[in-house]
Amino acid sequence: MSYDPALFPEELPSEPEKATLEGQNKFMGLWFFLGGETVLFAALFGTYLALKNSTAGGPSSDELFGLELVFLMTMMLLTSSLTSVYAMYHMRNHDFKKMQLWLGITGLLGVGFLICEVYEFAHYITDYGFTFRSSAFGSAFYAIVGFHGGHVTFGICWLITLMVRNAKRGLNLYNAPKFNTFSLYWHFIDVIWVFVFTVVYLMGKVT
Amino acid sequence: MTQNTNVNKAVDFEKQKNKQEMKMQVVSFALMIVFTLVAFGAVATGAMQKIFIIPILLVMAIIQVAFQFYYFMHGKEDGHGIPMTLIYGGVWAALLTLGGLGVISWW
Amino acid sequence: MSLSATEKRGFGAVLWDFLTTVDHKKIGILYLLGGGIFFLLGGLEAVIIRIQLITPENDFISAGLYNEMITMHGTTMIFLAGMPLLLGLMNAAMPLQIGARDVSFPFLNALGFWLFMFGGILLNLSWFLGGAPDAGWTSYASLAVNTPGHGVDFYIAGLQIAGAGTLMGGINFIATIVNMRAPGMTYMRMPLFSWATFITSILILFAFPALTINLFLLMFDRMFDTAFFDVALGGNTIIYQHLFWIFGHPEVYILILPLFGLFSDVFATFSRKRLFGYTAMVFATMLIAFLGFMVWAHHMFTVGLGPVANSIFAVGTMAIAVPTGIKIFNWLATMWGGQVTINSAMLWALGFIPTFTIGGMTGVMLGSSVADYQFHDTYFVIAHFHYVIVGGTVFGIFSGLHYWWPKMFGRILNESLGKITFWLFFIGFHLTFFIQHFLGLMGMPRRYWVFLEDQGLDLGNLISTVGAFFMTAGTIVFLYNVVYTAFKGEVASADPWDGRTLEWAVSSPPPYYNFEQLPLVRGLDPLWIEKMEGRDKMAPGEPLDDVHMPNSSFLPFLMGLGFFIAGLGFIYQVDNSLWYIALYGGMAFSIGCMIVRSVKDDHGYYIPKEELEEALKKEAE
């Protein structure tokens, strides 16, 4: 019903993600969305800063957090950011298969991150009784780390949808902007994680 | 015939440019790992007092995020003026939010 | 795609068209319709409030119902009437003003509308399902956390859904203005209404996330017993106030800046003179937006933030009067020496000037943190914000409707009825709210369902209520005008006002693709430039070619429906686990729609060049 031959040229242009008006719109749209997300996470960070000492007799950040796991999670997410850059590099070189490969690795690292995070939460809940409701600190902690984790989860679902849908189609001017949009989003959740591990975990261990 | 060679040259040039850029990205990544290690190290070793360590952690985070925005997300390239402006706008609103909630929520 | 009698389309076809449209012009009309209906609802709530307060210790409605009434009046007017009506005007006019064929994301535009509509319906269902929210439009913790019944849950769910729609609209407009301006349309050649749309959308982008998080925190406290605002477990209710007003103050600038932009266009057009001080007006708008983010705690002067914080916010608040004052003077200077036409649109604009100025003046009074200890929570505050919101936003919407009605519907609203509407509403407004300044100074507190006898408040409240009936009468006359015009109204030409900007260069209403060829813009007030050089239309800015258009879709409606059902599930899952079916089912359905949208190719369609050539030939005749 709707097919546009201009989107499937013989030779792809050098920056396929921005070669169409739709691509430019998606690019701008996502950047603006990230501006809004900055304020969203700032509200969560602010709430956390205000409530991080309200432990209501329960465990405090110093007692709870284990830096080894957080370091592992950080390495995974940071590396996944690099792998998504690799993926976009291959996209700009019009190498669809390598792009898919590196996007796949990105996704796997993201899943690894989530597994660690779920393990971490389970550990706090069962071993410390530190839950969403046990104190204001608990509520604020799970809210911020949970919202970030939720964003990672959404990103992975988005990635899987993109990869499965486009697996047999190769790169074209219709899907190139979609991959680029995802990549920008993925970088941003790494940005947020940098602040999460700094403000929540590292500062939480500083006494 | 000459046309064909020119196109190939253009493609080669693009590929070389991309490769250079990818090298820069890997260097950025290495630097980001360094900042992360410094931050974790400073806390894990307990080497400094609280009043020094918190600014250092924040500076490490901000520099790492700057690398993420400007290199990984191509913020330094042409055509990113308006997106970066709006990100700074968001950062400004974020700082106000953090200030309000952080400074004047308890008395 | 006009609805004139020449097109024999059945009701079903028209309904389906609007349910699936992604055309900014139709979405604009949908927003105006939805916003208009909620405006009437909010007005009814206001009249009920005023009837309750017509005499001391009245019992027209109970105390509990009164709380619901004031909560819903505020919430409806701001979120379900004000914002959608503005989004409607911005949708209808901005793409035409910048010479674009549509917004950057037409599908998202439709989705934003349906989310608003379903969010608004969800919120108002509360009336029938056990009681509306009753914790005020600000819904402060701890009252909102602990108030029984599901009212506040409806508030949370309704506003989350509607708020998401607004955020989408904001992102869409920013991207449109950045990417889709016509050739030659630099930023400094855009009409002020488009500038205002741009800056307002940036405010929306940065303000709404704070509300989103705040509503989540409130929802978690109510539904999942978290401790954000539970003092016993270490929570802090001031966090709610901070987050609410970090959203809430920019929100009121969101409500007013588009109208500032509109008034600039209206004053220039109907004084037949270019806007005085265009550059200053652009920068004043930016400054108001920027400062608007830094004054939120002036709603919290009496909370106990301390003298230092209070002083900083007081000074910032007063500073906003400067760029606003620049605007008022520039509007007056635009009229000075111009050839002024006073029609309905202009009457509303002229009525706005003194009204908004009074409101701004009382705003500076309220901005003095020390004086605010006296004013806070009295009718003085109510008088202030109604002066600025009604005097600015509502008057502006009426002005914009009269100004752009011809463009949207192909007919001019009846002038005599328009004038009657204005005078009834204007007189009624001042009767209601001017007196409230004094009621507040005499100590009448706000949000109380009764006032006592022998306090000297009787006459003032009576007059205030009478004014409400005048405003009701004015509104009814306007509704009659709308219906009358649909049947017997004067048919409008492309340019009924001898306009200056691009929207007047296309037919009324425009063809569905807006421009056969995007126009070449040679300066500020681009149409006026062409007119002054003896041409009656714009030169083309691109060669004539096939035009790419987006496909319609039913998915936005379906996604809104899914979230609506999920919202109901969220609200009732605390009562009965079966509601989880609605919650997860609704979410899954909407996410399913998102996946369908992502996965199903949609390349749009092309309008063949021949159709555009035909249209151009017809125009030339």
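Residues numbered from 1 in each chain as written. Chains lettered and ligands numbered in written order. Predicted model: local features only at pLDDT ≥ 70, side-chain atom pairs only at ≥ 80, totals over all residues. Heavy atoms only, no water.

**Here we look at the overall build of chain C**
Let me state the cut-off plainly: For the purposes of this entry, the term helix denotes a DSSP run of H or I that reaches at least four residues, the term strand denotes a run of E that reaches at least two, and both are numbered from the N terminus. What the globule rule says is 2.2 Å times the number of residues to the power 0.38, and the radius of gyration is computed from C-alpha atoms. Between buried and exposed lies partly exposed: a residue is buried under 20% and exposed over 50% of the maximum accessible area for its type, with that area taken using a 1.4 Å probe on protein chains only. Positive residues here are Lys and Arg, negative ones are Asp and Glu, while His and the chain termini are left out of the count. To locate a charge, the coordinates of NZ of Lys, CZ of Arg, CG of Asp or CD of Glu are taken.
If you tally the helices and strands in chain C, you get 20 helices and 4 strands. Taken against the 2.2 N^0.38 rule, which gives 25 Å for 621 residues, the C-alpha radius of gyration of chain C at 24 Å falls within 12% of a compact globule. Dimensions along the principal axes, computed over C-alpha positions, put chain C at roughly 75 × 60 × 45 Å. Counting the 621 residues in chain C, one finds 61% classified as buried. Seen as two clouds, the 29 positive and the 42 negative side-chain charges of chain C have centres 11 Å apart.

**Looking at the overall build of chain B**
Scanning chain B for helices and strands turns up 3 helices and 0 strands. Across chain B, helices and strands are ordered from the amino to the carboxyl terminus as α-α-α. Computed over C-alpha atoms, the radius of gyration of chain B comes to 21 Å, more than 25% over the 13 Å expected from 2.2 N^0.38 for 107 residues, which places it beyond the range of a compact globule. Principal-axis analysis of the C-alpha atoms places the extent of chain B at approximately 80 × 35 × 10 Å.

**A look at the interface of chain B and chain A**
The criterion, for reference: Two residues form a contact once any of their heavy atoms are found within 4.5 Å. Accessible-area loss on putting two parts together, using a 1.4 Å probe and summing over both, is the definition of buried area adopted here. The salt bridge definition used is simple: a Lys or Arg side-chain nitrogen within 4 Å of an Asp or Glu carboxyl oxygen. Any N or O atom pair separated by 3.5 Å or less is treated as a polar contact, with the protein-specific requirement of one donor-capable and one acceptor-capable atom, and with residues adjacent in sequence counted only for side-chain atom pairs.
Taken residue by residue, the interface counts 48 residues in chain B and 47 residues in chain A. Regarding the contact of chain B and chain A, the summed buried area is about 4,200 Å², with carbon and sulfur atoms giving 80% of it. Three residues stand out in chain B for area buried against chain A, namely M22, F40 and M73 of chain B, and they jointly supply 16% of the buried area on that side. At the boundary of chain B and chain A, one finds 2 salt bridges. Its salt-bridge partner being R92 of chain A, residue E77 of chain B comes within 3.9 Å of it at the nearest N-O pair. Where chain B packs against chain A, one counts 4 residue pairs in polar contact (both at pLDDT 80 or more). Listing elements by their share of the side of chain B that touches chain A, those giving two or more residues are α1 (2-45), α2 (50-72) and α3 (81-103) of chain B.

**A few points about the packing of helix α1 (residues 21-51) of chain A against helix α5 (residues 136-166) of chain A**
Residues and elements named next belong to chain A. Definition in use: To get an axis, fit a line to the C-alpha atoms, keeping to the stretch in contact for a helix; angles then go from 0 to 180 degrees between the N-to-C directions. For classification, angles of less than 35 degrees are called roughly parallel, those exceeding 145 degrees roughly antiparallel, those between 65 and 115 degrees roughly perpendicular, and all remaining angles oblique. Take the far helix as the reference: if the near one is turned anticlockwise from it by less than a right angle, the crossing is left-handed, and if turned clockwise, right-handed.
Where α1 meets α5, the closest approach of the two axes is 7 Å, and the angle between their N-to-C directions is 155°. Between α1 and α5, the angle falls in the class roughly antiparallel. Every pair of crossing elements has a handedness; the one defined by α1 and α5 is left-handed. Contacts from L30, E37, L40, F41, L44, F45, T47, Y48 and L51 in α1 reach A136, F137, A140, F141, A143, I144, F147, H148, H151 and W158 in α5.

**Observations regarding the packing of aromatic side chains**
Each aromatic ring pair is specified by the distance between its two centres and by the angle formed by the two planes. All names here are of chain C. Definition in use: Think of it this way: a Phe, Tyr or Trp ring, Trp meaning its six-membered ring, pairs with another when their centres are within 6.5 Å, and the plane angle makes it stacked under 30 degrees, edge-to-face over 60, tilted otherwise. Counted as over-ring charges are cases with an Arg CZ or a Lys NZ within 6 Å of the ring centre that also lie within 35 degrees of the ring normal.
Considering all chains together, one arrives at 100 aromatic pairs over all chains under this definition. When the centroid spacing of 5.9 Å and the interplanar angle of 70° are considered together, the rings of F38 and F116 count as edge-to-face. Of this pair, F38 sits in helix α2 (residues 24-52) while F116 sits in helix α4 (residues 106-125), placing them 78 residues apart in sequence. The positively charged end of R181 is found above the aromatic ring belonging to Y187, 3.8 Å away from the centroid.

**Thoughts on the confidence of the model for chain B**
The line we're drawing: For every residue, the predictor reports its confidence as pLDDT, a number between 0 and 100.
Confidence in the prediction for chain B averages 89 pLDDT; 93% of positions are at 70 or higher. Here α1 of chain B stands out as the element of chain B with the lowest mean pLDDT, 86, in contrast to α3 of chain B, whose mean of 95 is the highest.

**Describing the pattern of salt bridges**
Tallied over the full model, the rule gives 25 salt bridges over all chains. Linking D17 of chain C and R9 of chain C is a salt bridge whose minimum nitrogen-to-oxygen distance equals 3.3 Å.

**A look at the environment of A42 of chain A**
Tracing the sequence through the fold places A42 of chain A in helix α1. Look at A42 of chain A and you get buried, because its relative accessible area is 4%. Taking the C-alpha atoms as reference points, A42 of chain A and I192 of chain A, 150 residues apart in sequence, are found 9.6 Å from one another. Excluding residues within four positions of it along the chain, A42 of chain A makes contact with A94, T97 and L98 of chain B.

**Considerations on the interface of chain C and chain A**
Selection criterion: As a working rule, the residues Ala, Val, Leu, Ile, Met, Phe, Trp, Tyr, Cys and Pro are called nonpolar, Asp, Glu, Lys and Arg charged, and the rest polar, with Gly in that last group.
Contacts between chain C and chain A engage 39 residues on the former and 41 residues on the latter. Together chain C and chain A conceal approximately 3,300 Å² of surface at their shared face, both sides included; 68% is due to carbon and sulfur atoms. Measuring nitrogen to oxygen at the nearest pair gives 3.6 Å for the salt bridge that ties D601 of chain C to R165 of chain A. Here chain C and chain A share 13 residue pairs in polar contact (both at pLDDT 80 or more) between them. Secondary-structure elements contributing two or more residues to the side of chain C that touches chain A are α6 (151-179), α7 (192-224), α8 (237-270) and α19 (579-599) of chain C. Among the elements that make up the side of chain C that touches chain A, the one with the highest residue count is α7 of chain C (9 residues). Taken together, the residues of the side of chain C that touches chain A break down into 23 nonpolar, 12 polar and 4 charged.

**So, the nonpolar core**
Quick note on the threshold: By nonpolar core is meant a set of buried Ala, Val, Leu, Ile, Met, Phe, Trp, Tyr and Cys residues that side-chain atoms within 4.5 Å join together. An automatic or database domain assignment supplies the start and end points of every domain.
Of all hydrophobic cores here, the largest spans 292 residues; its most connected members are F141 and Y201 of chain A together with W331 of chain C. Both domains that furnish three or more residues to this core are identified here as domain 1 (2-72) and domain 2 (78-107) of chain B. Excluding its chain neighbours within four sequence positions, the residues that come into contact with Y201 of chain A are F65, L67, V70, E120, Y124, F141, V145, W193 and V196 of chain A.

**Points about the side chain of T198 of chain A**
Note on placement: T198 of chain A falls in helix α6 (residues 176-202). Polar contacts involving the side chain of T198 of chain A include one to the main-chain carbonyl oxygen of V194 of chain A, which spans 2.7 Å.

**Examining empty space enclosed by the protein**
Quick reminder of the rule: Space inside and on the surface of the protein is sampled on a 1 Å grid over the protein atoms alone, with a cavity defined as a set of points where a 1.4 Å probe fits but cannot get out and a pocket as an open set with protein on both sides within 12 Å along at least 5 of 7 lines; lining residues have an atom within 4 Å of a point. Grid points are joined across faces, edges and corners, and a volume is the space filled by probe spheres set on the points.
Tallied over the entire structure, the rule returns 7 cavities of 30 Å³ or more. As for the largest cavity, its lining consists of 14 residues, and the residues nearest its centre are V85, M88 and Y89 of chain A together with E21 and H74 of chain B. Taken together, the elements giving at least two residues each to the lining of the largest cavity come down to α3 (67-92) and α6 of chain A together with α1 of chain B. If you go around the second largest cavity, the residues you meet are P191, L192, S264, D265, A268, T269, L275, Y278, R500, T501, L524 and D525 of chain C. Tallying contributions element by element places α8 of chain C first for the lining of the second largest cavity, with 4 residues. Residues that form the lining of the second largest cavity fall into these classes: 6 nonpolar, 3 polar and 3 charged.

**Considerations on the packing of α8 of chain C against helix α12 (residues 344-367) of chain C**
Residue and element names in this part refer to chain C. Across the interface, α8 lies against α12 with an axial gap of 10 Å and an inter-helix angle of 125°. Taken as axis vectors, α8 and α12 run oblique relative to one another. As for how α8 packs across α12, the hand of that crossing is left-handed. Mapping the contact onto sequence places I256, F260, F263, V266, F267 and F270 in α8 and A345, M346, W348, A349, L350, F352, I353 and F356 in α12. Here the residues of the contact of α8 with α12 sort into 14 nonpolar, no polar and no charged.

**Looking at the environment of I115 of chain A**
Inspection of the secondary structure puts I115 of chain A in helix α4 (residues 96-128). For the pair I115 of chain A and L12 of chain A, spaced 103 residues apart in sequence, the C-alpha separation works out to 38 Å.

**A word on α8 of chain C**
Residue and element names in this part refer to chain C. As a reminder of what qualifies: Expected span of a helix: the number of residues minus one, times 1.5 Å. By definition, a residue's bend is the angle between the axes fitted to the seven residues ending there and the seven starting there.
Taking 1.5 Å per residue as the helical rise, α8 with its 34 residues ought to reach 50 Å, and the 50 Å between its terminal C-alpha atoms agrees with that figure. The largest bend along α8 reaches roughly 25° and is located at W245. Burial of α8 is extensive: 33 of the 34 residues sit out of reach of the surface. If you check the start of α8, you find a side-chain oxygen 2.8 Å away from the backbone N of I238, and it comes from N236.

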